[in-house]
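# Structural features, examined
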Amino acid sequence: MTASFPERIDAFRIARLPDIRFGNGSIQLLPALIAGFGSHVLVVTGKRSFVESPHWQSLVEALEAQGTVWQHVTIDGEPSPQRVNAIVAENQQHAIDVVVAIGGGSVLDAAKAVAGLLRPGNSVMDHLEGVGRGLPYHGPAVPLIAVPTTAGTGSEATKNAVLSVQGPEGYKKSFRDERLVAAVALVDPELLTGCPKMQIAANAMDAFTQLLESYVSLNASPATDALAWSGMQAFCHGFWPAWQTNHPEAERGYGQIAYASLMSGITLAQAGLGSVHGLASPLGAFFPIPHGTVCGTLVAEATAVNISALRQREPSHPALLKYAEAGRLVAGKRELGEEDACDALVATLRTWTHRIDMPRLGAYGMRHDDIERVVANARGGSMKTNPLVLTDAELSDLLERRL
């Protein structure tokens, strides 16, 4: 049961999406997909997980059997502008026909930026929002095949290449253009097999946060609502079996959270996000906090602060109805009234946070004195689609709760 359908449908836009191939075993389609773009591929992976799996050797053998020339580079941790520029410089002379990204969100984001710059050959700093030169991107981009091996960021469906420099003067910013959207998103839930429980938890909570934030976003539409709702349903059915890893329904759970992650990427790209992701940008820049951990540790308190602020300042705001519907879903109590359902949403999210033992911000070196600096740098794009403008005091309170 979703929030009541609007009597009037306002104008909205659905931006470019990849050709999506979803299903167990779909990794086997990859060699033929590569061949469809040309004979020379740049493969971007993480440092260990995929290249140490049987899938890597199978891919290499298939590429060599079909006569595909391939280069391989790795991304270790959060991608930086310097790493992207180095990969572009190293591979420009190879006349790459297609880039393949196989990994988590960091790998996919780095590969998007690389694919966008291989042909123009310029620095990513020319286009990085907020810290770059502010030049328009004209392309052309090399076609990209995105193969996620985690279920969280939904990066396979977005136009954002998020790059970061960590430290006191750090930043986390996007190179963003529709020409960076993957030509093909190949989503194989079986690639989640073997992911550690903490990684499953953090990534899946990132996906749920993106679904919930896009559902209540100021830019939400009936189209994104439908996709966000189906993603949240899938998450609720699949997360706990997937998280337990040895659960008899773990395989089904992997499919559900992979779908939830994909939907979250689609909906965030179309509708935007909210306060959690507004805060995630400076938190990820100033401290070594994985993005999924930021989402998992903040989503309950961010939702509580949003609901409280809406009740106080905009009690007729439609986001409250949506929060209530989400509360009924996650609590499994369809009979709840609006106020009780909103409270149930917060209570359930807090229970999830405790059960999966999401680390607090203090575990990564953040202290009370850092709150003001984080809040001052949290007014980026994601915060602009939060259901309402939160005050600095409200954002500070939110962070204080998870120190």
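Everything numeric here is computed off the predicted structure, so don't read it as measured data. (Residues numbered from 1 in each chain as written. Predicted model: local features only at pLDDT ≥ 70, side-chain atom pairs only at ≥ 80, totals over all residues. Heavy atoms only, no water.)

## Concerning the overall build of the protein
When helices and strands are counted, the protein shows 14 helices and eight strands. A compact globule built from 403 residues would reach a C-alpha radius of gyration of about 22 Å, and the protein, at 21 Å, matches this within 12%. Summarising its shape, the C-alpha atoms of the protein cover approximately 60 × 50 × 45 Å along the three principal directions. Relative to its full complement of 403 residues, the protein shows a buried share of 56%. Within the protein, contacts between residues separated by at least 24 positions form 79% of all contacts whose residues are at least 6 apart in sequence. Accessible area of the protein: about 16,400 Å², with a carbon and sulfur share of 51%. (Helix = DSSP H or I, 4+ residues; strand = E, 2+ residues; numbered from the N terminus. Rg over C-alpha atoms; globule rule 2.2 N^0.38 Å. Buried < 20%, exposed > 50% of the residue type's maximum accessible area, 1.4 Å probe, protein only. Contact = heavy atoms within 4.5 Å. Areas by Shrake-Rupley, 256 points an atom, 1.4 Å probe, with all protein chains shown as cover.)

## Remarks on the environment of Arg48
The residue Arg48 is located in the loop between β2 (40-46) and α2 (54-65) in this model. Through-space distance from the C-alpha of Arg48 to that of Gln312 is 49 Å; in sequence the pair is 264 residues apart.

## Topic: the pairing of strand β8 (residues 184-187)
Working note: regular strand, side chains alternate between the two faces of the sheet. What you see with β8 is no split at all: Val184 and Leu186 on one side and Ala185 and Val187 on the other are buried throughout. In terms of strand pairing, strand β1 (residues 19-22) meets β8 through four bridges, oriented parallel. Looking at the pairing, Arg21 lines up with Leu186 of β8. (Pairing = 2+ DSSP bridges.)

## Focus: the packing of helix α9 (residues 291-313) against helix α11 (residues 338-355)
At a minimum axis separation of 8 Å, α9 and α11 run at an interaxial angle of 160 degrees. In terms of axis orientation, α9 runs roughly antiparallel to α11. Viewed along their axes, α9 and α11 form a crossing whose handedness is left-handed. Touching Gly296, Val299, Ala300, Glu301, Thr303, Ala304, Ile307 and Arg311 of α9 are Glu339, Cys342, Asp343, Leu345, Val346, Leu349, Arg350 and Thr353, all from α11. The residue inventory of the contact of α9 with α11, partitioned by class, reads eight nonpolar, three polar and five charged. (Axes fitted to C-alpha atoms, helices over the stretch in contact; angles between N-to-C directions. Parallel < 35°, antiparallel > 145°, perpendicular 65-115°, else oblique. Left-handed = near helix turned anticlockwise from the far one by under 90°. Nonpolar A, V, L, I, M, F, W, Y, C, P; charged D, E, K, R; others polar.)

## Topic: the sheet that holds β8
Read across the sheet, six strands follow the order β1-β8-β5-β4-β2-β3 without closing on themselves; strand pairing throughout is parallel. This sheet does not close on itself; its edge strands, each paired only once, are β1 and β3 (69-75). Geometrically, the sheet is characterised by an average inter-axis angle of 15 degrees between neighbouring strands, direction not taken into account. Bridge analysis of β2 against strand β4 (residues 98-103) gives five bridges, and the strand direction is parallel. Residue pairing for β4: Val44 is matched across the bridge by Ala101. Packing of helix α4 (residues 105-117) onto the sheet brings it into contact with β2, β3, β4 and β5 (144-148), and relative to β4 it is tilted by some 165 degrees. Those strands touched by helix α7 (residues 250-271) are β1 and β8, and its axis lies near 170 degrees from that of β1.

## Section: the state of the cysteines
A covalent bond between the sulfur atoms of two cysteines is referred to as a disulfide. Scanning all chains against the criterion turns up zero disulfides. This cysteine, Cys236, is not joined by any disulfide, and Cys342 carries the nearest cysteine sulfur, 15 Å off. Summary of cysteine pairing: Cys295 is not part of a disulfide, and the nearest cysteine sulfur, belonging to Cys236, is at 17 Å. (Disulfide = S-S within 2.5 Å.)

## With respect to α7
If you check α7, its first and last C-alpha atoms are 31 Å apart, about what 22 residues at 1.5 Å a residue would give, namely 32 Å. For α7, the tally of buried residues reaches 17 of 22 residues, placing the bulk of the element in the interior. Looking one or two places after α7, you find Gly272, whose phi comes out positive at around 90 degrees. (Expected span 1.5 Å × (residues − 1).)

## Some details on the nonpolar core
Counting 78 residues, the largest nonpolar core has Phe239, Leu279, Leu283, Leu298, Tyr323 and Leu399 as the members making the most contacts within it. Counting residues per element, this core draws most heavily on α9, which supplies eleven residues. With residues near it in sequence (within four places) discarded, Phe239 still touches Ile200, Ala201, Ala204, Ile257 and Ile356. In this structure, Val44, Val99, Leu128 and Leu144 belong to the second largest nonpolar core, which totals 32 residues. (Core = buried A, V, L, I, M, F, W, Y, C linked by side-chain atoms within 4.5 Å.)

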